[in-house]
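The lines below spell out each chain.
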Amino acid sequence: AAITLINCRASYNGLHGVFIESNSNATLNHCVMQSNTQHGLNSSGTSRISDCLISFNFGTGVNIAGGTTFTYGDNQIRDNATNIAGVLNTTQPKQ
């Protein structure tokens, strides 16, 4: 499955703001994932994040539980209990 989220807010959820299952693809552009009980973004699939604010989550801002998470390096990932768990892969600069 694949999804594209643009200009969205995933905040104040009981678990994760956004959860990407294995064998799934997600693109998140200009999204806010804030103040979730666990993780802002929990990804086991392939995800791409650009120009997102991921902050004040009680778990991890970006939890890479498997798969690959790509970033253009223009996100604000801050003020979470843990900001990043796993490795964010930086893709080429924006064109």
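**Q** What should I look at first to understand the sheet that holds strand β5 (residues 32-34) in this one?
**A** Strand pairs in the sheet, formed through backbone hydrogen bonds, run parallel or antiparallel to each other. Read from one edge of the open sheet, four strands run β2-β5-β8-β11, paired in parallel fashion. Looking at which strands have only one partner, the edges of the open sheet turn out to be β2 (9-11) and β11 (76-78). On average, each strand axis in the sheet is inclined to that of its neighbour by 5 degrees, with strand direction left out of account. Of the pairings in the sheet, the one linking β5 to strand β8 (residues 53-55) comprises three bridges and is parallel in character. Bridge assignment links Val32 to a residue of β8, and that residue is Leu53.

**Q** Can you help me understand unusual backbone geometry in this one?
**A** Trans is the prevailing form of peptide bonds, just as negative phi is the prevailing case for residues other than glycine. Of note, Asn7 is a non-glycine position whose phi angle comes to about 55 degrees, a positive value. Residue placement: Asn7 occurs in the loop between β1 (2-6) and β2. For Asn7, a relative accessible area of 55% translates into the label exposed. With a phi close to 60 degrees, Tyr12 is a non-glycine residue in the positive phi region.

Rules used throughout
- Residues numbered from 1 in each chain as written.
- Predicted model: local features only at pLDDT ≥ 70, side-chain atom pairs only at ≥ 80, totals over all residues.
- Heavy atoms only, no water.
- Pairing = 2+ DSSP bridges.
- Helix = DSSP H or I, 4+ residues; strand = E, 2+ residues; numbered from the N terminus.
- Axes fitted to C-alpha atoms, helices over the stretch in contact; angles between N-to-C directions.
- Buried < 20%, exposed > 50% of the residue type's maximum accessible area, 1.4 Å probe, protein only.

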